[in-house]
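Structural features, examined
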Amino acid sequence: MIDGPAGGVAAIGDGDGVAGIGVGDDVGLVVVSHSRALARAAVAMAAEMLQGRPVRIEVAAGLDEETLGTDAVAILAAVERADGPAGVVVLMDLGSAVLSAEMALELAGDPSLRERVTLSAAPVVEGLIVAAVAAAGGASRAEVAAEASDALLGKLAHLGIPAEGTTADTVTGETGTGQTESGEIGTVSAETVGEFSVENAHGLHARPAARLVGEVRGLAATVHLRNLTSGAGPVPAASLSQVATLAALRGHEVEVRASGPQRKEAVERILALAARRFDEPVEPAAGPQAPAVTAPQAPAVTASPSGSVTASPSVPLPEPLSATRSGPLPGAPGIAVGRLRRLSTVPVDLDHPATGDPAQEWQRIEESIAATRCDIEQLRDRTTREVGAGEAGIFDAHLALLADDEILHAVKARTETGIGAAAAWAGCLAEVERRFAGLPDPYLRERAADVHAVSDQVLARLTGQTPRQVTAPGVLVASDLTPAEAAGLDVDLVTGVVLASGSATSHAAVLARARDLPLVVGAGGDVLTVPEGTTIVLDGSTGEVHFDPLPEVLAEFRRRAADLAERRGQHQARAGEPAVTLDGTRILVAANVGSVAEARSSMAAGADGVGLVRTEFLFLGRSTAPDRDEQQADYEAIAEAMAGRRVTVRTLDVGGDKPLPYLAMPVEANPFLGRRGIRLSLEHRDMLRDQLIAVCRTARRFPISVMYPMVSTVGELLEARRVLTDAAGPSGIPAGLKVGMMVEVPAAALRIETFLAHLDFVSIGTNDLTQYTLAAERGNGAVAALSDALDPAILVLVDRVCRAARGRVDVAVCGEAAADELAIPVLVGLGIRELSVSPSAVPRVKAAVRELDVARCATLARQACSVAGPGEVRKLVLAMRAESTG
């Protein structure tokens, strides 16, 4: 008991078995906090106000005297001790305390208990003081909760801050009352409400859901989401397993409701994230939508006399895949011939006995989760370096699952009943997996594989199981692959993959395509019965699979593989040679890179240099910006990998579809037309200066160029050059450092003459130039037909830049058009003398250049600028090719 100076007494329980004393029929109170010391201090302050009137107050706080955390089982016990005829009001501090309290009510075996409990969104300290006074005065549960919710009104009035009262202040202008899935949220002092439309091609699946969860975690706000289109929800926004099961498809409307001190910030963050499509790359409108898209016809499947399975799809890569599709499907292009191989594996023992101490079992789970988190983070970083940041984003959803409070509390509750660690973890994750698997949309159903993958990784840690791996060269056949397994395959051993399940939209398929591994998916369970060592052939472009093929089939596949390899080999054999046209004009073919590993690949592919270093790879996927030393180390590593060839470093290009979590970025209605590229960098000059210091240091040792993205005015360019001069210091700008800009904005192309005096080169980014010129956002499936870099309007702008720059500065193209074999003749004819492409495309682009005659290309380019549309441009190119070969 705590005695106040005026003789007031608060009967308290500590959450560790100390029960409160009976005080009649008054409302009981429970304080849920991450800190036991904080909760006790709040109770002590409340006791000061009670004037001798006893109140039942139970504390469920901390995991022990020193460890921060909340425990649903302890909260339920506190609620049961505080319960009486008048019911209980529960006050919670923040974050997982709210989720733990909700889970505690779900665990309650007595439904009537849940009906007698109100979860209050009031602040713990102020709310407890007024709630205790109201309860001591005999107020009802609703009145106690209302008093707690209005606890801040006095402070607001004293500070002269307008009170928001007890009605909801909203983003959308609506009002409402919050409500949880279990129990009663009670009186909410203020609630912020917003709505967003899901624009992602595959809906609010694991990756965007993980980004959403990351936005609200750590905020002092309780946030719930409801799918207004389907009626699903509400679900807590801090739980990935719950958010993804909203089954919010493309076109669905989702409501956001938040309460708590940071409710407005929570809603604004989510709405801004939704406006950015949850930072997911924009895909054509091929994924699941509302209303549903009809799937293409399934491929026909036949059996050969030798028992092989052959699929002959009517479409090359159907998306989306419906639940009714069957038979082998193309997953990633390429041809593979080899012996069937399987992943070695050891069964997981789910009957591993408990130690008898639930705390030790839970500790084992926590340690296994921590180790798995480290494994996934390392794999994500490696995938970012070797494959790309977009593909590595798959693992962010896995990390979010490991931090899902709802899952963790459910697992811990199982261990409290005496269930062993492995069985508790596997049983709980199996339930979450079943929820995903039961969703109506096929793409979202596939996200059950993410839950299964995370479950298996933690189980492997719990039981000491080694990861599955391929130990001999050949074609891998498996039921499915987790993203971790797909990213970890040894491509020196694995020449192709056949999966019994899965689809072309699975994470394994995404990673296989990124790693250039031929893949067939959905081949059916029978493939798992084929003996290891059996000869297998597959074509990942068509979905054809043959086991123990007939001699003529094997010969055909070997011929096709040989033809493909011969073409690639011819291109690769000459990749190190200059790309010189038939009439003797040298065209530089450089590489776009986003990591040191890609720079090494570029060198192996024969790149003449690096035409674009996407420095975002250093800034994304972290909580703070890299310092100048870290940046310098990476720039120098890239330069060393290129062995003296020139490297062009683009300054940080974020904003639009590439936000940074640690950089203040305003919410913008159209971020692609807002603060991005050089605009944003100039607003954060210290960060830009650090980057340019690293560039200057590198340029004193290696041939380096620097260019600024998204420049639209001469003033921006001059300001950026002033920052460069400052960053160079007393020694001045390094003699070999060239300065350029990207031409991505029509205004820059039209006023190019005003920029040239301040530049050594320009690089045309055809991707952005196309979207801004044609008002067609790149990647938006609804306007995909308009977004074409061969549109004559784009070619006229390129022609203008080349004409103005001729004899003054070099002009390059670093957009996707640079690797388009139908665009290359036009670009060369317009005057482009450098093409910067992905590392793997370098040999092929060089081969295409060697077949050109510049004079004929110039004639072609003049005609292309005057025709009606991009279709006519392509016809001109094909006609020139036919004439050349004829």
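Residues numbered from 1 in each chain as written. Predicted model: local features only at pLDDT ≥ 70, side-chain atom pairs only at ≥ 80, totals over all residues. Heavy atoms only, no water.

Some points on the pattern of salt bridges
Applying the stated criterion to the full structure yields 33 salt bridges. The salt bridge involving Glu821 is made with Arg881; its shortest N-O contact spans 3.9 Å. Of this pair, Glu821 sits in the loop between strand E27 (810-813) and helix H31 (824-830) while Arg881 sits in helix H34 (residues 870-885); the two residues are 60 residues apart in sequence, bridging distant segments of the chain. Taking relative accessible area as the criterion, Arg881 reaches 34% and is therefore assigned partly exposed. When salt bridges that share partners are traced, they join Arg226, Glu255 and Arg257 into one network. (Salt bridge = Lys/Arg side-chain N within 4 Å of Asp/Glu carboxyl O. Helix = DSSP H or I, 4+ residues; strand = E, 2+ residues; numbered from the N terminus. Buried < 20%, exposed > 50% of the residue type's maximum accessible area, 1.4 Å probe, protein only.)

Considering the packing of helix H23 (residues 628-641) against helix H25 (residues 685-699)
Look at H23 against H25: their axes get within 8 Å of each other, and the N-to-C directions meet at 40°. Overall, the two elements H23 and H25 adopt an arrangement that is oblique. The two elements H23 and H25 cross, and the hand of that crossing is right-handed. Only Arg689, Asp690, Gln691, Ile693, Ala694, Val695, Arg697 and Thr698 of H25 make contact with H23, whose side of the interface consists of Arg628, Asp629, Gln631, Gln632, Tyr635 and Glu636. Residue composition of the contact of H23 with H25, by class: four nonpolar, four polar and six charged. (Axes fitted to C-alpha atoms, helices over the stretch in contact; angles between N-to-C directions. Parallel < 35°, antiparallel > 145°, perpendicular 65-115°, else oblique. Left-handed = near helix turned anticlockwise from the far one by under 90°. Contact = heavy atoms within 4.5 Å. Nonpolar A, V, L, I, M, F, W, Y, C, P; charged D, E, K, R; others polar.)

Some words on the side chain of Asp768
The topology assignment puts Asp768 in helix H29 (residues 766-773). Asp768 gets classed as buried once you look at its relative accessible area, which sits at 3%. Of the polar contacts made by the side chain of Asp768, one reaches the side chain of Arg676; its length is 3.4 Å. (Polar contact = N/O pair within 3.5 Å; in protein donor to acceptor, adjacent residues only side chain to side chain.)

Some thoughts on the sheet that holds strand E10 (residues 253-259)
Reading across from one edge, E7-E10-E8-E9 is the order of the four strands in this open sheet, with antiparallel pairing throughout. Each edge of the open sheet carries a strand with a single partner, namely strand E7 (191-197) and strand E9 (235-236). Pairing of strand E8 (residues 222-227) with E10 involves six bridges; the strand directions are antiparallel. Note on E10: the bridge partner recorded for Asn227 is Val254. Contacts from helix H10 (residues 263-275) reach E7, E8 and E10, with the element oriented near 5° to E7. (Pairing = 2+ DSSP bridges.)

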